[in-house]
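Notes for the structure review
Each chain is listed here by its residues.
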Amino acid sequence: QVQLVESGGGLVQAGESLRLSCAASGSIVSVNAMGWYRQTPGKQRELVARIINGDGTTYADSVKGRFTISGDNAKNTVYLQMNSLKPDDTAVYYCSVDVSTTWGRVPIVWGQGTQVTVSS
């Protein structure tokens, strides 16, 4: 099975920074895409940032210029550097991966989520 472990969430003040990480493990033969999503109560889960193999990066308009997604293929890990945080960034953040395993492709695997709270 493919498992994701997230870390890096916490409570910060507006203007500060956090770095989220998500490590994937299991019978992975290739990673096709990695991304970060966030969700607040009563809202649908929304895309924050995503890397698609061969298609570059995608960011939500609300985080462009402040957040940066990156990955370390050797460690099967994706990061989200979040700078200039705002109270509106408060949410549970979920990482996701699109992977190919020894038995086939798994298009979506979700992490457990990590809480990010930004105070004013």
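Here goes a summary of the coordinates provided. Residue numbers restart at each chain and count upward from 1, following the sequence in its written direction. This being a predicted model, a pLDDT of at least 70 is required before a residue's local features are given, and a value of 80 or more before pairs of side-chain atoms are given or counted; all residues contribute to the totals for chains, interfaces and linings. Excluded from the side-chain calculations are hydrogens and water; all other atoms, namely the structure's heavy atoms, are used.

**Things to note about the state of the cysteines**
Two cysteines whose sulfur atoms are joined by a covalent bond form what is called a disulfide. Two cysteine sulfur atoms make up a disulfide if the distance between them is within 2.5 Å. For the structure on display, the rule yields one disulfide. Put simply, C22 and C95 are joined by a disulfide, and their sulfur atoms are 1.9 Å apart. What sets the handedness of the C22 and C95 disulfide is the S-S torsion sign, and at about 45° it is right-handed. Separated by 73 residues along the polypeptide, C22 in strand 3 (residues 18-25) and C95 in strand 9 (residues 91-101) bring together distant segments of the chain. Three labels apply to residues, based on accessible area from a 1.4 Å probe with only protein chains included: buried if under 20% of the type maximum, exposed if over 50%, partly exposed otherwise in between. C95 sits in the buried class, given a relative accessible area of 0%. Helix and strand definitions here come from DSSP, where helices need a minimum of 4 consecutive H or I residues and strands a minimum of 2 consecutive E residues; each element is numbered from the N-terminal end.

**Things to note about the nonpolar core**
Only buried residues count toward a nonpolar core, which is a set of Ala, Val, Leu, Ile, Met, Phe, Trp, Tyr and Cys residues joined through side-chain atoms within 4.5 Å. In terms of nonpolar packing, the biggest core is built from 29 residues, with W36, V48, F67, L80, M82 and Y93 touching the most fellow members. Where this core is concerned, the elements lending two or more residues are strand 3, strand 4 (28-39), strand 5 (46-52), strand 7 (67-72), strand 8 (77-82), strand 9 and strand 11 (114-119). For this core, the leading source of residues is strand 9, giving five residues. Non-local contacts of V48, meaning those with residues more than four positions away in its chain, are made with W36, Y37, R38, T58, Y59, A60, V63, F67, L80 and Y93. Note on contacts: a residue pair qualifies if any of its non-hydrogen atoms lie within 4.5 Å across the two residues.

**What about the pairing of strand 3?**
In this structure, strand 1 (residues 3-7) lies alongside strand 3, joined through five bridges in antiparallel fashion. Looking at the pairing, Q3 lines up with S25 of strand 3. DSSP-based pairing: two strands are paired if at least 2 bridges between them are found.

**A word on the pairing of strand 8**
The buried count for strand 8 comes to five of six residues, which makes it a mostly enclosed element. When strand 3 meets strand 8, the two strands line up antiparallel, connected through six bridges. Bridging across to strand 8, S21 finds its partner in Y79. Linking strand 7 to strand 8, which pair antiparallel, is a turn of four residues; within it N76 sits at a positive phi near 50°.

**Digging into the environment of D61**
Mapping D61 onto the fold places it in the loop between strand 6 (56-59) and strand 7. The exposure class of D61 is exposed, given its relative accessible area of 65%. In this structure, the C-alpha to C-alpha distance between D61 and A49, residues 12 residues apart in sequence, is 9.8 Å. Polar contacts here mean pairs of N or O atoms no more than 3.5 Å apart (in protein, one a potential hydrogen donor and the other a potential acceptor; neighbouring residues in sequence count only if both atoms are side-chain atoms). Within the local environment of D61, its side chain forms a polar contact with the side chain of K64, the two groups lying 3.3 Å apart.

**Digging into the packing of aromatic side chains**
Whether two aromatic rings pair depends on their centres lying within 6.5 Å, for rings of Phe, Tyr and Trp, where Trp uses its six-membered ring; planes under 30 degrees apart make the pair stacked, over 60 edge-to-face, and the rest tilted. Per the stated rule, a full pass over the model turns up one aromatic pair. On the numbers, 5.1 Å between centres and 75° between planes, the contact of Y37 with W110 is edge-to-face. Of the two residues, Y37 sits in strand 4 while W110 sits in strand 10 (residues 105-110), which places them 73 residues apart along the sequence. The class for Y37 is buried, based on a relative accessible area of 16%. Remark: a charge is flagged as sitting over a ring if the NZ atom of Lys or the CZ atom of Arg is within 6 Å of the ring centre and within 35 degrees of the ring normal. Sitting over the face of the ring of W110, R45 holds its NZ or CZ atom 4.5 Å from the ring centroid.

**Here we look at the environment of M34**
Looking at the element boundaries, M34 is found in strand 4. The buried category is assigned to M34, whose relative accessible area is 8%. Separated by 12 residues in sequence, M34 and C22 have C-alpha atoms that sit 9.5 Å apart.

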